[in-house]
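Listed here are the chains, written in short residue letters.
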Amino acid sequence: MITSAQMRAGRALLGLDQRQLAALSGVSLPTIQRMEASEGTVRGVVDTLEKVVAAFDAAGVELLSEHVPSRGSGRGVRLKQAATPEAGLV
């Protein structure tokens with residue numbers, strides 16, 4: 001549904017810290033911190049994940065899944081593929 005990297009990137013695009021994201025989403029700061037500290041896909045209560053995704057959406061950040069086209073037309077970033085050691089990106 002959402003990865004910890006997407007959360008950090010979304011916050012960066014909006015210029016938010018974790019406390020501000022917690023307030024926007026109605027999720028506790030420790031929960032936001034735990035979600036961002038996880039590796040890969042964030043696991044948690046579905047309602048909590050939906051609140052965070054909805055907060056990003058309301059603030060203008062579209063979170064994209066793999067192989068899903070963007071609905072929007074604004075500027076943004078998207079990973080083409082996972083970084084590999086061979087490409088010199090780790």
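Each value, and the rule that gives it
Residues numbered from 1 in each chain as written. Predicted model: local features only at pLDDT ≥ 70, side-chain atom pairs only at ≥ 80, totals over all residues. Heavy atoms only, no water. Helix = DSSP H or I, 4+ residues; strand = E, 2+ residues; numbered from the N terminus. Contact = heavy atoms within 4.5 Å. Areas by Shrake-Rupley, 256 points an atom, 1.4 Å probe, with all protein chains shown as cover. Salt bridge = Lys/Arg side-chain N within 4 Å of Asp/Glu carboxyl O. Buried < 20%, exposed > 50% of the residue type's maximum accessible area, 1.4 Å probe, protein only.

## Describing the overall build of the chain
Broken down by element type, the chain carries four helices and zero strands. Its helices and strands taken in sequence order, the chain reads α-α-α-α from the N to the C terminus. Contacts spanning at least 24 positions in sequence make up 53% of the contacts within the chain whose residues lie at least 6 apart. Summed over its atoms, the accessible surface of the chain is roughly 6500 Å², and 54% of this surface lies on carbon and sulfur atoms.

## Observations concerning the pattern of salt bridges
Pairing between side chains of opposite charge can happen when their charged atoms approach one another. Under the defined criterion, the tally for this structure stands at two salt bridges. The closest approach of N and O atoms between Arg 11 and Glu 36, which form a salt bridge, is 2.6 Å. Placement of the pair is Arg 11 in helix H1 (residues 4–14) and Glu 36 in helix H3 (residues 29–37), with a sequence separation of 25 residues. Here Arg 11 matches Glu 36 in class, with each residue buried. Salt-bridge contacts for Lys 51 lead to Asp 47; the nearest nitrogen and oxygen are separated by 3.6 Å. With Lys 51 and Asp 47 both in helix H4 (residues 46–59) and four residues apart, this pair spans about one turn of that helix. Take Asp 47: its relative accessible area is 43%, and that puts it in the partly exposed class.

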